[in-house]
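# Summary of the model geometry
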Amino acid sequence: MTAAPGQHRPATTTAHRVVVLVSGTGSNLAALLDAHDDVAYGARVVGVVSDRAAAGALDVARSAGIPTAVVAPRDFDDRANWDRGLAETAAIFRPDLIVSAGFMRILGAGFLARFPARVLNTHPALLPAFPGAHGVRDALEYGVKVTGCTLHVVDAGVDTGPIVAQVAIAVDDHDDEASLHERIKVAERALLVEWVGRIARGTLTVDGRHVVVA
């Protein structure tokens, strides 16, 4: 685990502690980091964990002075051990909430049991429609006129967890996968920032398929 000096203020003892799981460039992470400097936001990113040492999101975290860790599957004998290693690493940061932000691995039962109803994920479609790795492409191929993004609590399935919030995005006649995905990403970042803050300032309750943030 490494840390780098940055311009962001240090974590406080009162802020909701957030760990972010990343695999990619870190655009959602950057949005959360922009928000968490406001004391009124209520949430604070205290650690970033990746499955890839080359993930650009790690540089985003380090430039902000956020501790980082890499838990690569190739360093473990099997998936179950990797899942336990990931859980142990995330637990070091004592998270109140874990955000899967472009994390391209399915979280196993061991990880989810360690953090019950405390792991959130964003998905670029209006679940339960078009789950999986190609939600934008699948929506376009199906010919929908409206798609969007979903924030949900992670469960053992693939994008099957209880839904926290959604934003609808109209599909234009000239859209291709790249243009549609870009508009969804903008909405996705805003959705994530809004609801992480709301959860941090309130209480997240999951009752079966129903999620209440109050």
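Read on for a plain summary of the structure.

Here is what the cut-offs are and how they apply
Residues numbered from 1 in each chain as written. Predicted model: local features only at pLDDT ≥ 70, side-chain atom pairs only at ≥ 80, totals over all residues. Heavy atoms only, no water. Salt bridge = Lys/Arg side-chain N within 4 Å of Asp/Glu carboxyl O. Helix = DSSP H or I, 4+ residues; strand = E, 2+ residues; numbered from the N terminus. Buried < 20%, exposed > 50% of the residue type's maximum accessible area, 1.4 Å probe, protein only. Axes fitted to C-alpha atoms, helices over the stretch in contact; angles between N-to-C directions. Parallel < 35°, antiparallel > 145°, perpendicular 65-115°, else oblique. Left-handed = near helix turned anticlockwise from the far one by under 90°. Contact = heavy atoms within 4.5 Å. Nonpolar A, V, L, I, M, F, W, Y, C, P; charged D, E, K, R; others polar. Phe/Tyr/Trp six-rings, centres within 6.5 Å; stacked < 30°, edge-to-face > 60°. Lys NZ or Arg CZ within 6 Å of the ring centre and 35° of its normal.

This brings us to the pattern of salt bridges. Under the counting rule described, the total for this entry stands at eight salt bridges. Two residues, Arg 62 and Asp 59, come together in a salt bridge whose shortest N-O distance is 3.7 Å. Here Arg 62 pairs with Asp 59, and both are found in helix α2 (residues 56-63), just three residues apart, close to one helical turn. Across the pair Arg 183 and Asp 172 runs a salt bridge whose closest N-O atoms are separated by 3.8 Å. With Arg 183 in helix α6 (residues 177-201) and Asp 172 in the loop between β7 (163-170) and α6, this residue pair connects regions lying 11 residues apart in the sequence. A relative accessible area of 28% places Arg 183 in the partly exposed class. Exposure remark for Asp 172: the relative accessible area of 32% places this residue in the partly exposed category. A single salt-bridge network, built from bridges that share partners, covers Asp 172, Asp 175 and Arg 183.

As a further point, take the packing of helix α1 (residues 27-36) against α2. The N-to-C vectors of α1 and α2 enclose an angle of 15 degrees; their axes lie 9 Å apart at closest approach. Relative to α2, the element α1 lies roughly parallel. Crossing of α1 over α2 shows right-handed handedness. Between α1 and α2, the residues in contact are Leu 29, Ala 30 and Leu 33 and Ala 57, Val 60 and Ala 61, respectively. Class assignment for the residues of the contact of α1 with α2 results in six nonpolar, no polar and no charged.

With that settled, consider the packing of aromatic side chains. Evaluation of the coordinates by the stated rule reveals three aromatic pairs. Taken together, a centroid distance of 6.4 Å and an interplanar angle of 10 degrees make the contact between Trp 82 and Phe 103 stacked. Of the two residues, Trp 82 sits in helix α3 (residues 79-92) while Phe 103 sits in the loop between β4 (97-100) and α4 (109-114), which places them 21 residues apart along the sequence. For Phe 103, a relative accessible area of 6% puts it in the buried group. A cation sits over an aromatic face here: Arg 198 above Trp 195, 3.9 Å from the ring centre.

These figures come from the coordinates and say nothing about function on their own.
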